[in-house]
Amino acid sequence: MDKIKLEILDLSPSQLQAGSFTLILTEANGDRRLPIIIGMFEAQAIAIEMEKITPTRPLTHDLFKSFSKSFDFSVEEIHISDISEGVFYSKIICTDGIRQKNIDARPSDAIAIALRFNASIYTTENVLNEAGISADDLGGQEKPKTAPKNIKVKSSSDLMSMTADDLLKMLDEAIRNEEYEKAAKIRDEIDKRN
């Protein structure tokens, strides 16, 4: 299996889904980004560990770490292994030094746990091809100089009514502004038309 190392680039409130957050992962040795929509509690667990804040009582992910360590298990790495119908799948790779176990997990939980164990995050070429965002998503065409004005994406039906040229311009603008969640929706609409 091909493994591509990822790093956390950004965590911010979702512009398209209220109460959710967008976690942006980036290729360690490349320019592709992987946007993942996560819930508020998982975003909080990730942010707390990124900022090295110690909560007064252990969070669920801290409890997982304490439990694992008390049984001499550690997390080696996590794999964002698949995407199906917009849902990401991941595995937490654990070991006690003798046995290795793969535990199914949501990527948001797996990443929160990986941070607590200083474990690496990996994905596959297939996942990045399916859900990654990069300048190559423009199809090798010359990049438009400006984005269309006064166009705001409120829903998928807004995108369906746009021309292919407008979609390409919006995709370029979204990538330049690092609005990866928006770019993913635009890319999906372009893919539907191809």
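Under an unreviewed UniProt entry, the name given to the protein chain is BFN domain-containing protein, and the source organism is Lacihabitans soyangensis.

Asks: Could you clarify how one ought to interpret the overall build of the protein chain in this entry?
Replies: Tallying secondary structure elements over the protein chain gives seven helices and seven strands in all. In sequence order, the protein chain lays out its α and β elements as β-β-β-α-α-β-β-β-α-β-α-α-α-α. In the protein chain, buried positions account for 42% of the 194 residues. Sequence-distant contacts, at least 24 apart, represent 53% of the contacts inside the protein chain between residues at least 6 apart. Of the roughly 11200 Å² of accessible surface on the protein chain, a fraction of 48% belongs to carbon and sulfur atoms.

Asks: Got a minute to help me understand the environment of L11 in this structure?
Replies: Its place among the elements puts L11 in strand 1 (residues 4–13). Here L11 falls in the partly exposed class, since its relative accessible area comes to 21%. In sequence terms L11 and P35 are 24 residues apart; their C-alpha atoms lie 9.6 Å from each other. With sequence-adjacent residues up to four places away left out, L11 is seen in contact with F21, T22, L23, I38, A43, I46 and A47.

Asks: I tried to follow the layout of surface pockets on my own but got confused; where do I start?
Replies: In this approach a probe as big as a water molecule rolls over the atoms, and the regions it shows empty are the leftover space. Considered as a void within the structure, the largest pocket measures approximately 550 Å³ in volume. For the lining of the largest pocket, the elements supplying multiple residues, two or more each, are strand 3 (33–39), strand 5 (87–95), helix 3 (107–117), helix 4 (125–131) and helix 7 (180–193).

Asks: How should helix 2 (residues 60–70) be read in this particular structure?
Replies: Note: α-helices contain 3.6 residues per turn, so residues at a spacing of three or four share the same orientation. Buried within helix 2 are the following residues: H61, D62 and S68. Burial along helix 2 is one-sided: seen end-on, the buried residues are contained in an arc of 125°. Across helix 2 from its buried face, at more than 90 degrees, point the exposed residues T60, L63 and F67. On the buried face of helix 2, the contacting elements are helix 1 (40–50) and helix 3. Positive backbone phi, approximately 60°, marks D72, located one or two places after helix 2.

The rules we used
Residues numbered from 1 in each chain as written. Predicted model: local features only at pLDDT ≥ 70, side-chain atom pairs only at ≥ 80, totals over all residues. Heavy atoms only, no water. Helix = DSSP H or I, 4+ residues; strand = E, 2+ residues; numbered from the N terminus. Buried < 20%, exposed > 50% of the residue type's maximum accessible area, 1.4 Å probe, protein only. Contact = heavy atoms within 4.5 Å. Areas by Shrake-Rupley, 256 points an atom, 1.4 Å probe, with all protein chains shown as cover. 1 Å grid on protein atoms, 1.4 Å probe; cavity = no way out; pocket = protein on both sides within 12 Å on 5 of 7 lines; lining within 4 Å. Points joined across faces, edges and corners; volume = space filled by probe spheres on them. Arc of directions from axis to C-beta.

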